[in-house]
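# Overview (structure and organization)
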Amino acid sequence: MPELDPDDSNPSYRRVADELRVLISLGTYGPGDKLPSYETAAKDFGVSIGTVKRAFAVLQQENVIVIRPGLGSFVRTRQVEDGGNPDLLPLADIQGTLSAILHRLDAIERALHLR
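Quick look at the structure, then. None of the values given here were measured: they were computed from a predicted structure.

## Description of unusual backbone geometry
- With a phi angle near 65°, Asn 63 is a residue other than glycine that sits in the positive phi range.
- By the element assignment, Asn 63 lies in the loop between helix H3 (49–61) and strand E1 (65–68).
- The class of Asn 63 is partly exposed, set by a relative accessible area of 29%.

## Notes on the packing of aromatic side chains
- A complete count under the given rule lists 1 aromatic pair for this structure.
- When the ring of Tyr 38 is compared with that of Phe 56, the centres are 5.3 Å apart and the planes differ by 70°; the resulting orientation is edge-to-face. Of this pair, Tyr 38 sits in helix H2 (residues 38–45) while Phe 56 sits in helix H3; the two residues are 18 residues apart in sequence, bridging distant segments of the chain.
- Its end group placed over the ring of Tyr 13, Arg 54 keeps NZ or CZ at 3.9 Å from the ring centre.

## Comments concerning H3
- An ideal rise of 1.5 Å per residue puts 18 Å on 13 residues; H3 measures up with 18 Å between its terminal C-alpha atoms.
- Within H3, the full set of buried residues consists of Thr 51, Val 52, Ala 55, Phe 56, Val 58 and Leu 59. Summarising the axial view, the buried residues of H3 lie within an arc of 155°, below the 170-degree limit, and thus occupy one face.

## With respect to the nonpolar core
- Val 16, Leu 20, Phe 45, Phe 56 and Ile 65 are the most contacted members of the largest nonpolar core, which totals 22 residues.
- For this core, the secondary structure elements donating two or more residues are helix H1 (12–25), H2, H3 and E1.
- In terms of residues, this core owes the most to one element, H1, which gives 6 residues.
- Once residues within four sequence positions are removed from consideration, Val 16 is found in contact with Leu 4, Phe 45, Val 47, Thr 51 and Ala 55.

Parameters and conventions
Residues numbered from 1 in each chain as written. Predicted model: local features only at pLDDT ≥ 70, side-chain atom pairs only at ≥ 80, totals over all residues. Heavy atoms only, no water. Helix = DSSP H or I, 4+ residues; strand = E, 2+ residues; numbered from the N terminus. Buried < 20%, exposed > 50% of the residue type's maximum accessible area, 1.4 Å probe, protein only. Phe/Tyr/Trp six-rings, centres within 6.5 Å; stacked < 30°, edge-to-face > 60°. Lys NZ or Arg CZ within 6 Å of the ring centre and 35° of its normal. Expected span 1.5 Å × (residues − 1). Arc of directions from axis to C-beta. Core = buried A, V, L, I, M, F, W, Y, C linked by side-chain atoms within 4.5 Å. Contact = heavy atoms within 4.5 Å.

Structural data, given as structure tokens:
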């Protein structure tokens, strides 16, 4: 997992949630896969454990992941509630993915302008 862009003004927990959402949407973590522990994710992202817990809580609230105390955090196997169209991504997932892509693009553009 990449470290977060220090020039990004969004809260760290939101950037971690966005990055994880992208990794899930790209298939790095598939349905039912266990996510890294809070400690591992904090180290990988260069943030505190509290920041990771808050990011995971956001993803759980958005029904992207399930947190099972004592067992870990897992990517939901069903991303859409019963009765919904399973081919459509929830709006929050689309917004988060777009936000993460825009942040990455911005970082790339800044890096290119420095050369």
